[in-house]
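Coordinates in review
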Protein chains: 2
Amino acid sequence: MIGIDWGTTSLRAYRLGPGGAVTDRLDRPGGILTVPAGGFPAALREAVGPWLAQGETRVLLCGMVGSRQGWVEAPYLRCPAGPAEIAAATVPVPFDGAEIRLVPGLTTEDADGIPDVMRGEETKLVALAIGLDDALACMPGTHSKWARLEADRVTHFTTHMTGETFAALSAHTILARTSLDGPHRPEAFARGVTRARQHGGLLHHLFGARTLHLMDRLEQAETRSYLSGLLIGHEIAAALAAHPVAQVELVGAAELAALYEDALRLSGVTVRKHDPDLVAAGLHQIGRSLGWI
Amino acid sequence: MIGIDWGTTSLRAYRLGPGGAVTDRLDRPGGILTVPAGGFPAALREAVGPWLAQGETRVLLCGMVGSRQGWVEAPYLRCPAGPAEIAAATVPVPFDGAEIRLVPGLTTEDADGIPDVMRGEETKLVALAIGLDDALACMPGTHSKWARLEADRVTHFTTHMTGETFAALSAHTILARTSLDGPHRPEAFARGVTRARQHGGLLHHLFGARTLHLMDRLEQAETRSYLSGLLIGHEIAAALAAHPVAQVELVGAAELAALYEDALRLSGVTVRKHDPDLVAAGLHQIGRSLGWI
């Protein structure tokens, strides 16, 4: 089978052998935003046509290709959901010469009835969940995801708008004057993480980044790392309050994962880091549930 | 005496009679950012020269004119501080033909030892404190101030970066797609305020503004008011957690004060609104402590 993670800005395709081994792969910029209306079949053929010509007949797609802006909308599937539920909710799309299915995103509601959504992460979580039980996974990013994994299913998750809030505040507020790009300052980052667990709330803590600098207690070159620690610290405090655990399963790109690892340890939990390259294994797992492989 | 509130973008001058009556006033755009280096004496003379020529000999200045970017820096005075302490900490500046003094800003530290500052608001609070005791004042804005008033002194305060965070998030994140300008939606605002008291933390609540819209549970035209309610709600929750009170003294411009009044009532406290035009009375009060009037 072929598995594809087709996101907003890129397309990553994997040719998968029976045991889930990746026998070939490609990675290209043609994200869904570059595809004209009605152009998905042609774009798919352009990307993996040679593999189809070599006899592949089944293609599983995940990511934003299944969103309202994608090929066809694959409606959000309600948690709890594992590979079996996800496989059953995949959406077929007509295509000449191969069977194509889209992986749905997931939705959940928090304790107060407010909905949350993910699209793309569910496939990585399916792979992560193999061999874990009763785990809390953290996937940091623009919109960080925290997911509860029980047996092989995602039972609940929350999104935190941490990365995007950091970008907006560090560029478009009074903190922009001091939040200049520069090397990471671990000590200032740790001070921000610690501050996040204190009283006063995030909106007050943000102004503190300004006053600490004004009072010569935080250098200009430290402000960016302090702000980063503050926001990540607030995210972690909220996530651990909702799901008190002793260990967090961390899945993220190297640099961001290193920040979260430090912040999580400062927050008193142990961290297990996982290879973030989980999509191919997740697509394989859903393909197995479909009986494709 | 003459009292002047000289801020970043404007200059407001008051000619004050013995009882504090404003006998003349002027309001002009010439904020401190428009004054060239060394130009403050000339700018002052240009603004209030006619009053000086008519016999005024004492001028009290408050606001950003006393900051590092102003005429002379009037160092932050530590709380608790009332008119007597503020008067004693005013900074004289040389001027031909009149006595000029700059009002200092205030500084405090929160329970965790993080500093906070205000400059300009202290003069309004001096006026507000007249006749109040053991009160909690809220001055909403770009950087909202919450101040504890005991007898006639400011004993403690905190700043919340609410207005600026709202501007950054509503213009520079995924919420910008839906947070369009439009009429205030009181019901959506109230939902945001209520949400702020629930679990999950601000960074998670922000993403909820997106998912509620995605799930057709929040209209595009409601997102801006919901986001506003969320941020103001978080500010109020943090401020009331630090200082549990039954009543809040609210000082703000009409439109913003109306929002905070609604949010405060939803948070279970009674609200007393005050005329925000307090600077002249505060300058008069500090002038009295100086023995000027």
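Residues numbered from 1 in each chain as written. Chains lettered and ligands numbered in written order. Predicted model: local features only at pLDDT ≥ 70, side-chain atom pairs only at ≥ 80, totals over all residues. Heavy atoms only, no water.

Chain A is annotated in an unreviewed UniProt entry as 2-keto-3-deoxy-galactonokinase of Falsiroseomonas bella.

All told, the structure shown has 36 salt bridges over all chains when counted by the stated rule. Notably, a salt bridge pairs D181 of chain B with R224 of chain B, separated by 3.3 Å at the nearest N-O pair. In this pair, D181 of chain B sits in the loop between helix 4 (162-172) and helix 5 (186-196) while R224 of chain B sits in helix 7 (residues 220-242), placing the two residues 43 residues apart along the sequence. A residue is classified by how much of its surface remains accessible, and R224 of chain B, at 25% relative accessible area, is partly exposed. With a shortest N-O distance of 3.0 Å, R272 of chain B and E249 of chain B are connected by a salt bridge. Of this pair, R272 of chain B sits in strand 14 (residues 270-274) while E249 of chain B sits in strand 13 (residues 247-251); the two residues are 23 residues apart in sequence, bridging distant segments of the chain. You can call R272 of chain B partly exposed: its relative accessible area is 38%. Salt bridges sharing partners connect three or more residues here, namely R58, E99 and R101 of chain A. (Salt bridge = Lys/Arg side-chain N within 4 Å of Asp/Glu carboxyl O. Helix = DSSP H or I, 4+ residues; strand = E, 2+ residues; numbered from the N terminus. Buried < 20%, exposed > 50% of the residue type's maximum accessible area, 1.4 Å probe, protein only.)

With that settled, the discussion passes to the interface of chain A and chain B. Facing the 46 residues of chain A at the interface are 46 residues of chain B. Across the interface of chain A and chain B, roughly 3,900 Å² is buried in total on both sides, 68% from carbon and sulfur atoms. The largest per-residue losses of area from chain A upon contact with chain B belong to M161, L203 and F207 of chain A, which jointly make up 18% of the total buried on that side. Across the contact surface, chain A and chain B share six salt bridges. The partner of R195 of chain A in a salt bridge is D110 of chain B, with the nearest N and O atoms 2.7 Å apart. Here chain A and chain B share 21 residue pairs in polar contact (both at pLDDT 80 or more) between them. Where the side of chain A that touches chain B is concerned, the elements lending two or more residues are strand 8 (106-109), strand 9 (115-118), strand 12 (153-160), helix 4 (162-172), helix 6 (202-214) and helix 7 (220-242) of chain A. (Contact = heavy atoms within 4.5 Å. Buried area = accessible area lost by both parts, 1.4 Å probe. Polar contact = N/O pair within 3.5 Å; in protein donor to acceptor, adjacent residues only side chain to side chain.)

Once that is clear, we can look at unusual backbone geometry. Looking along the chain, the bond that leaves C79 of chain A and enters P80 of chain A is cis, with omega of 0°. Here P80 of chain A shows up in the loop between strand 5 (77-78) and helix 2 (83-88). Of note in the backbone geometry, D134 of chain B takes a positive phi value of approximately 55° without being a glycine. The topology assignment puts D134 of chain B in the loop between helix 3 (121-128) and strand 10 (135-139). For D134 of chain B, a relative accessible area of 47% corresponds to the partly exposed category. Despite not being glycine, D216 of chain B shows a phi value in the positive range, around 60°. Mapped onto the elements of the fold, D216 of chain B is located in the loop between helix 6 (202-214) and helix 7. Looking at D216 of chain B, the relative accessible area reads 67%, which means it is exposed.

The subject of this paragraph is helix 1 (residues 40-53) of chain A. Residues and elements named next belong to chain A. Roughly 65° is the biggest bend found in helix 1, and it falls at A47, with proline P50 one to four residues downstream. When we look at burial in helix 1, the residues that qualify are F40, A43, L44, A47, V48, G49, W51 and L52. Considering only its buried residues, helix 1 is in contact with strand 1 (2-6), strand 2 (11-16), strand 3 (22-28), strand 4 (58-62) and strand 7 (99-102). At the C-terminal side of helix 1, G55 shows a positive phi close to 110°. (Bend = angle between axes of the 7 residues up to and from the residue.)

On the secondary structure map, H234 of chain A appears in helix 7. C-alpha separation for the pair H234 of chain A and T159 of chain A, spaced 75 residues apart in sequence, amounts to 13 Å. Look past the residues within four positions of H234 of chain A in its chain and what remains in contact with it is A196, G201, L202 and H205 of chain A together with L203 of chain B. Polar side-chain contacts of H234 of chain A include one of 2.9 Å to the side chain of H205 of chain A.

Now for the packing of helix 4 of chain A against helix 4 of chain B. Interhelical geometry of helix 4 of chain A versus helix 4 of chain B gives an angle of 120° and a closest axis separation of 9 Å. Where helix 4 of chain A crosses over helix 4 of chain B, the two elements pack in a sense that is right-handed. On helix 4 of chain B, the residues touching T165, A168, L169 and H172 of chain A of helix 4 of chain A are T165, A168, L169 and H172 of chain B. In the contact of helix 4 of chain A with helix 4 of chain B, the residues fall into four nonpolar, four polar and no charged. (Axes fitted to C-alpha atoms, helices over the stretch in contact; angles between N-to-C directions. Left-handed = near helix turned anticlockwise from the far one by under 90°. Nonpolar A, V, L, I, M, F, W, Y, C, P; charged D, E, K, R; others polar.)

So, about the sheet that holds strand 12 (residues 153-160) of chain B. All names here are of chain B. If you walk across this open sheet you meet the five strands as 12-11-10-13-14, and the pairing is mixed. Only two strands of the sheet have a single partner each, and these edge strands are strand 12 and strand 14. Taken over all neighbouring pairs, the strand axes of this sheet differ in orientation by 25° on average, direction set aside. The pairing of strand 13 with strand 14 spans five bridges and is parallel. (Pairing = 2+ DSSP bridges.)

Residues and elements named next belong to chain A. Its location among the elements puts R15 in strand 2. Overall, R15 belongs to the buried group, its relative accessible area being 15%. Within the local environment of R15, its side chain forms a polar contact with the side chain of Q54, the two groups lying 2.5 Å apart. In contact with R15, other than residues within four places in its own chain, are M1, A21, V22, T23, D24, W51, Q54 and E56.

This next bit is on the sheet that holds strand 6 (residues 91-93) of chain A. Residues and elements named next belong to chain A. Read from one edge of the open sheet, six strands run 3-2-1-4-7-6, paired in mixed fashion. Unpaired on one side and paired on the other, strand 3 and strand 6 mark the two borders of the sheet. Each neighbouring strand pair of the sheet contributes to a mean axis angle of 20°, computed without reference to strand direction. Where strand 1 and strand 4 come together, four bridges link them in parallel fashion. Bridging from a neighbouring strand, G3 pairs with L60 of strand 4.

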